[in-house]
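Chain by chain, the residues run as shown.
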Amino acid sequence: MTSRLLQRSLGSPDYDGIRQALRNDTSTPVISARGLEVRVAVLPLFTHDGRQAVRVSSTQPLTHVLVGVDSASGTDVTLLVPEVDAPRTLTLECRDDAGVVGSAQVTVTPQRKWSVFVVHHSHLDIGYTDPQGTVLRHHLDYLDAAVRLAEETASWPDDAKFRWTVESSMPALKWLDARPAGQVESFAALARAGVIEVTALPFQLHTEACSTEELYRQLRFTAQLQDRYGFATRSAMHTDVPGAVVGLVDALNASGVRYLAAAHNWAGRSVPYLHGGDKLTRPFRWRAPSGNELLVWFTDTPHGMAYMEGNTVGLTDSYELADDLLPRYLSALATRGYPYGPGTFGWQGPDAPREPYELDVLHLRVQGAHADNAGPSIVPASIARRWNETWAWPRLRSAVNSDFFEHVEERYHDRLAVHEGDWTDWWADGLGSGARPLGYVRRAQSALRVAETLHTIAGADATDQIDEAYDKVALFNEHTWGAANPWEDAEEAGDSGGLQWTRKSSGAYQAQDDASDLLHAATRRFAAALSSPDGEGADPEGALAAFAVFNPGTRARTDVVRAFLPRDVVAVDVPIALVDARTGETVPHHEEYVDPDDWPTRPIGRHVHAVVPDVPGFGYARLDVVRGPGQAPEPVEPDLDGVIENEFYRVAYDVREGYISSIFDKSAGRELVNGDAAAGFGQYVYDRYATAPHFNHLSGHVGAHDRTLLGDRAIARNATVVRALRTAVGEKLVVELQGKGVDWLRTTIELHRGVPRLDLTYQLAKQGTPAKEAVFLAFPFATGPATAWELTGGVGGPGVPRVPGSAEYMLPIRHWIAFEDPELTVAWATLEAPLVQLGTIHMPYAPFPPTLDQEDGTVYSWALNNIWDTNFPAQQQGETTFRYAVTSAAGVKGSRLGAAAASGLTEPFVGALITGGPGATETYASVDHPDVLITSIGRVDGEQVVRLQSLAAEPVTATVTVPGRDPVEVRLPACGVAVVGGKRA
């Protein structure tokens, strides 16, 4: 995404400046006389006849003599000395026509004999440099060229043959479907021979935005490539995005992938070296809680612009430039922590100590040009050919990605450092720049799991459609969210911001639509499977209709169901009651009539709301619709005093201040809100920053060491309770406020009878502005610090290991955070907004200083922002919804309560209208371990499977029960997944 620095006029050096810095930093001035300077560098260059190199440069042409050893004339010369195994001091004399200008003692030291694996690839930005379709067509053209270049160089020495690594597999999959059989076989043969490698990730993902199931499905093609074309997918590449979720380790392992080459583009926004990143050796072994590992190589910006590392040292330009720069680069790696000095890249550079690189093998990425989405080039292979003819060491090998890892694994595996846990992405704040479509995607992720389950229970196989919908979800989560200059609206190149965001965001909306369609169809199929074949009710008491209320969560729970009763099934003037078929008891309900005068374009009937008790997990309870004694009671509008309550909580809203002042847990006798916090509970906080919009890579030139750049902070005011409602189902309070950055802000607070959960909905009409801004919603709890939170494929917490250098100032979570103490556990959950900051609000510019005193129990939901200056949308607007939930319980493990809180948001009850008389209740799958969740029921190769995920920090054994089958005992690793009846069991 960010391959180019700004122009020198804006403060960043260009490539010439970077390269000159490398020359200066890897040479020592030894003579300064007569207005000229001579510098010397002892480099890791060895000839085939056993000599090593000393490079001498001068500001004027001179004859440079290592007395008694070698001499050469010019401004930049290479002098050769017999290889040394201990330091050897020689005399350097520099002469012009008048005689000796000066002399110096030069110490020649032993040098490493490097093996350099040059991995040629193209970094895939689906967009950024051009509209998305243009980019993808170019990448297919690149594969045409890669096949030709591989065939043209087939007779070259093995180390110099052109080799190509498909960094992101999506173009390869498209290419294989779009080319004639002969070309496809040529490609497959080259892949089988290790000349072309297709890596595992379909594109470069913001993995924090992915669900666990989504990650696994995006790797399903690996088996297809093996089956169809006979080549394995052995490695993955993760490029540009600085971080990845812990769940990626298990997902890649499940696909047979054990190697990951990461390249982190800091882009001025990441400061891992201030948070332990300087201790992150490379390569290293990345271990998940499950015990699965990846062998990881990473580069980052201070190692040479991350994935432009090889380009920076000349491997795309010419042999002469590479001959000048590459040995210097290797020398710098061997002698200091970062090969380029502080400030080389035009922004706050590394100022933390780091140990020099210790191995003699290097993974060096190279692209065909100094650009993202660059095509293949013969130049790197040509340089390798000439290089190896000239020099014995370093040895250059034109390689595919896995070649390097196999070399390292064989020689160094047991001596590599092991790092565990999440590798939090420093760019994840960009997820908040597209809050509305991201919210749609997160809803789709939840709906797809339920849709697949109901299709499967109904006997239908919707695997292909579910996969396609997940692909659309993942494509939105791809890391390129906009053009290089997203505020522009051209038709091509990096200024095509309008076009690119239109396509990107529409993909999110389409993904949510597809998920809704699939859930809609699945609900009808599930209902049909339960209904009597003749369509007539079989209830002996003459039910008018019935609902099968399905609980897509793992545990039995009491919750609200919202279902639609069409007027052609039961006329709207017929009074009804709902009867729990399990007990015969009437279930109180609330009705909302769809008036054809108000909504002539929508189905006419009644939306029925009811709280259904103890619905089994992955099962249903039947509610019979019978004739009632009278129409359902109308809602009561109590006094607008800002207080609602149920059996579990009493919630008070402070209208004067514009936030929730109290959430009182009646069972625990405890207040959940920290009334002394800086912000009120649920308060809208709007920050504006004193940085200018519409400057590409502005963050690379901005540092914030205090609050100076916080231009303005405002809260919502003028709260008005516009609706207070008490129904048979519960109580609701609706408050409208005014605030900066929005046309209006609406808060809905709900408590349902019998449901131990507070539901909060925030709707805001966002005003579009290019000004740098952020919206937070504050949730200060009267607790200690958070003790656990949900990650993609894992559970985080203050004592849970993380990869050194992970982002500190924010957390991109999946859905829940838990606060656990000996007396009470509190859980907070979010549906649409994944970004949180714990305890304070930080400035959004490196090094991200706090702007408030730390409050351990406060969660700030970072709902949206537009602080980015490239790649992400420059502004956002329109009605946007954020939903949250709060619950509490004594003596409950935090992760279990967190999952329960999230379940009400992500796994709402489904009311399927049925016309027959199935059993009063049925459970389709259950698991007996309290830390193991059933995530869905689906099909693998036509066989019904149950998917599981563990929240436990240790391995557990669980028994899965499915009616009609023998119980299955399954061992799940810590925070691991399993499929009972499928391939991952």
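Undergrad: Report on the overall build of the protein, specifying residues and quantitative values.
TA: Scanning the protein from N- to C-terminus turns up 15 helices and 50 strands. Against the globule reference of 30 Å for 985 residues, the protein gives a C-alpha radius of gyration of 32 Å, in line with a compact fold. With the principal axes as the frame, the protein shows a C-alpha extent of 115 × 60 × 55 Å. The burial tally for the protein puts 63% of its 985 residues in the buried class. At a minimum sequence separation of 6, the contacts of the protein that also span at least 24 residues come to 73%.

Undergrad: Which residues make up the sheet that holds strand β21 (residues 589–594), and what are the values?
TA: Each strand in a sheet pairs with another by means of backbone hydrogen bonds, the pair being arranged parallel or else antiparallel. Taken in spatial order, the three strands line up as β18-β22-β21 in an open sheet, and their pairing is antiparallel. In this open sheet, the two strands that pair with only one neighbour each are β18 (557–566) and β21. For this sheet the average axis-to-axis angle between neighbouring strands, irrespective of direction, equals 25°. Pairing analysis gives nine bridges linking β18 to strand β22 (residues 605–615), with the strands arranged antiparallel. Bridged to V561 within β22 is A610.

Undergrad: Please give an account of the pattern of salt bridges that cites residues and values.
TA: For the coordinates displayed, the defined rule picks out 57 salt bridges. Residue E591 is joined to R606 by a salt bridge in which the shortest nitrogen-to-oxygen separation is 3.4 Å. Of this pair, E591 sits in strand β21 while R606 sits in strand β22, and the two are 15 residues apart along the sequence. Since its relative accessible area comes to 1%, R606 is described here as buried.

Undergrad: How would you sum up the sheet that holds strand β50 (residues 977–980)? Please name residues and give values.
TA: The strand order across the open sheet built from three strands is β46-β47-β50, with neighbouring strands paired in antiparallel fashion. Of all the strands in the sheet, the pair left with one neighbour each is β46 (932–940) and β50. In this sheet, adjacent strand axes meet at a mean angle of 25° when their direction is disregarded. Across four bridges, strand β47 (residues 943–950) lies against β50 in antiparallel orientation. Bridging from a neighbouring strand, Q949 pairs with V977 of β50.

Undergrad: Quick one: what's the story with unusual backbone geometry, residue by residue and with numbers?
TA: The peptide bond linking R282 to P283 adopts the cis configuration, its omega dihedral lying at -10°. Along the chain, P283 falls in the loop between β11 (259–264) and β12 (284–287). In this model, A846 is joined to P847 through a cis peptide bond whose omega is 5°. Mapped onto the elements, P847 comes out in the loop between β40 (835–838) and β41 (858–865). Look at D240: it is not a glycine, yet its phi comes out positive at around 85°. If you trace the backbone, D240 turns up in strand β10 (residues 235–240).

Undergrad: If you had to explain the pairing of strand β23 (residues 619–627) to someone new, which residues and values would you point to?
TA: Burial of β23 is extensive: eight of the nine residues sit out of reach of the surface. Pairing analysis gives seven bridges linking strand β17 (residues 545–551) to β23, with the strands arranged antiparallel. Across the sheet, the residue bridging to A548 is R622, located in β23. Here strand β19 (residues 576–580) pairs with β23 via five bridges, running antiparallel. Paired with V579 across the strands is D624, a residue of β23. Both β23 and strand β44 (residues 921–923) contribute to a ladder of three bridges, which runs antiparallel. Within β44, the position partnered with G619 by the bridge is T923.

Undergrad: Describe helix α3 (residues 169–178), with residues and values.
TA: Along α3, the residues that are buried comprise S169, M170, P171, A172, W175 and L176. For α3, the secondary structure elements touched by its buried residues are α2 (132–152), β8 (164–166), α4 (181–192), β9 (196–198), α6 (221–229) and α13 (463–477).

Undergrad: Break down the environment of S398 for me, citing the residues and quoting the values.
TA: Looking at the secondary structure, you find S398 in strand β15 (residues 395–399). Each C-alpha atom of the pair S398 and D159 lies 5.5 Å from the other, and the pair is 239 residues apart in sequence. Setting aside its immediate chain neighbours within four residues, S398 contacts V118, D159, A160, K161, F162 and R163. From its side chain, S398 meets the backbone oxygen of K161 in a polar contact 2.7 Å long.

Rules and cut-offs
Every chain is numbered independently, its residues counted from 1 as its sequence is written. Local features in this predicted model are restricted to residues of pLDDT 70 or higher, and side-chain atom pairs are both shown and tallied only at a pLDDT of 80 or more, whereas totals for entire chains, interfaces and linings draw on every residue. For side-chain calculations, the full set of non-hydrogen atoms in the structure is used, while hydrogens and water are omitted. What counts as a helix is a DSSP run of H or I of at least four residues, what counts as a strand is a run of E of at least two, and both are numbered from the N terminus. The reference for a compact globule is 2.2 Å times residues^0.38; the radius of gyration itself is calculated from the C-alpha atoms. Only protein chains enter the area calculation, which uses a 1.4 Å probe; residues under 20% of their type maximum are buried, those over 50% are exposed, and those in between are partly exposed. Note on definitions: a residue-residue contact is assigned when non-hydrogen atoms from the two residues lie within 4.5 Å. Here, any two strands with at least 2 DSSP bridges between them count as paired. Note on method: axes are straight lines fitted to C-alpha atoms, helices fitted across the in-contact stretch only, with angles between N-to-C directions ranging 0 to 180 degrees. Salt-bridge detection follows one rule: a side-chain nitrogen of Lys or Arg within 4 Å of a carboxyl oxygen of Asp or Glu. Polar contact is the term for a pair of N or O atoms within 3.5 Å; when the atoms are in protein, one must be able to donate a hydrogen and the other to accept it, and sequence-neighboring residues count only if both atoms are side-chain atoms.

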